[in-house]
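# Understanding the architecture of this molecule
One-letter residues, chain by chain:
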Amino acid sequence: MRAGSFGKLTQDKENTTQVTFHYVEGHAETFTIPMPAQEFQEEVLTLLSQPWLTFHLADQTVFICTARIVKVEVKPAIPALQGQGIFSNSLRVSTMQRAAVGRLPMDT
């Protein structure tokens, strides 16, 4: 790939995990980690209890203060993560779905 091109890096999706961090300030950033979701699952609670996380990228190193994180999204899902405070088989409700409740007849 030549410099400055917007080529897509190909990665083995089964051996990578995509993590999106949402910060207190309102912005978010996503990282791809070369680790299967199963392996990431085993470390996620320990990682989030650390005061800082470090990501080495091709051109820089990024340090993230976990105290400034308000939400973490992980793809693919890690349904084997279970315990107190973990809700299995959850569904996300969109704004349109919330707005439609009570406005459309549900019994026909």
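For the structure, check the block above.
The text that follows walks through the structure, step by step, so that each part is easy to find. Quick caveat: nothing in here was measured; it's all calculated off a predicted structure.

A separate point is the environment of Gln-18. With respect to the helices, strands and loops of the structure, Gln-18 is situated in strand S1 (residues 17-23). In this structure Gln-18 comes out as partly exposed when scored by relative accessible area, which is 32%. In contact with Gln-18, not counting residues within four places along its chain, are Thr-30, Phe-31, Thr-32, Glu-73, Val-74 and Lys-75.

So, about the pairing of S1. Counting buried positions over the seven residues of S1 gives five, a clear majority of the element. Bridge count between S1 and strand S2 (residues 28-33): six bridges; the pairing is antiparallel. Paired with Thr-20 across the two strands is Thr-30, which belongs to S2. Between S1 and S2, which follow one another and run antiparallel, lie four residues, and Gly-26 among them has a positive phi close to 105°. Note: S1 against strand S5 (residues 69-75), six bridges, orientation antiparallel. The residue bridging Gln-18 from the neighbouring strand is Lys-75, located in S5.

How each quantity is defined
Position labels on residues start from 1 in each chain and follow its written sequence. Totals for whole chains, interfaces and linings use every residue, but because this is a predicted model, local features are given only for residues with pLDDT of at least 70 and side-chain atom pairs only at 80 or more, for both listing and counting. Hydrogens are left out, water is left out, and the side-chain values use all remaining heavy atoms of the structure. Numbering of helices and strands runs from the N terminus; a helix is a DSSP stretch of H or I covering at least four residues, while a strand is a stretch of E covering at least two. Here's how the labels work: a residue is buried when its accessible area is under 20% of the maximum for its type, exposed when over 50%, partly exposed in between, all with a 1.4 Å probe on protein chains only. Pairs of residues are marked as contacts when any of their non-hydrogen atoms sit within 4.5 Å. Any two strands between which DSSP finds at least two bridges are classified as paired.

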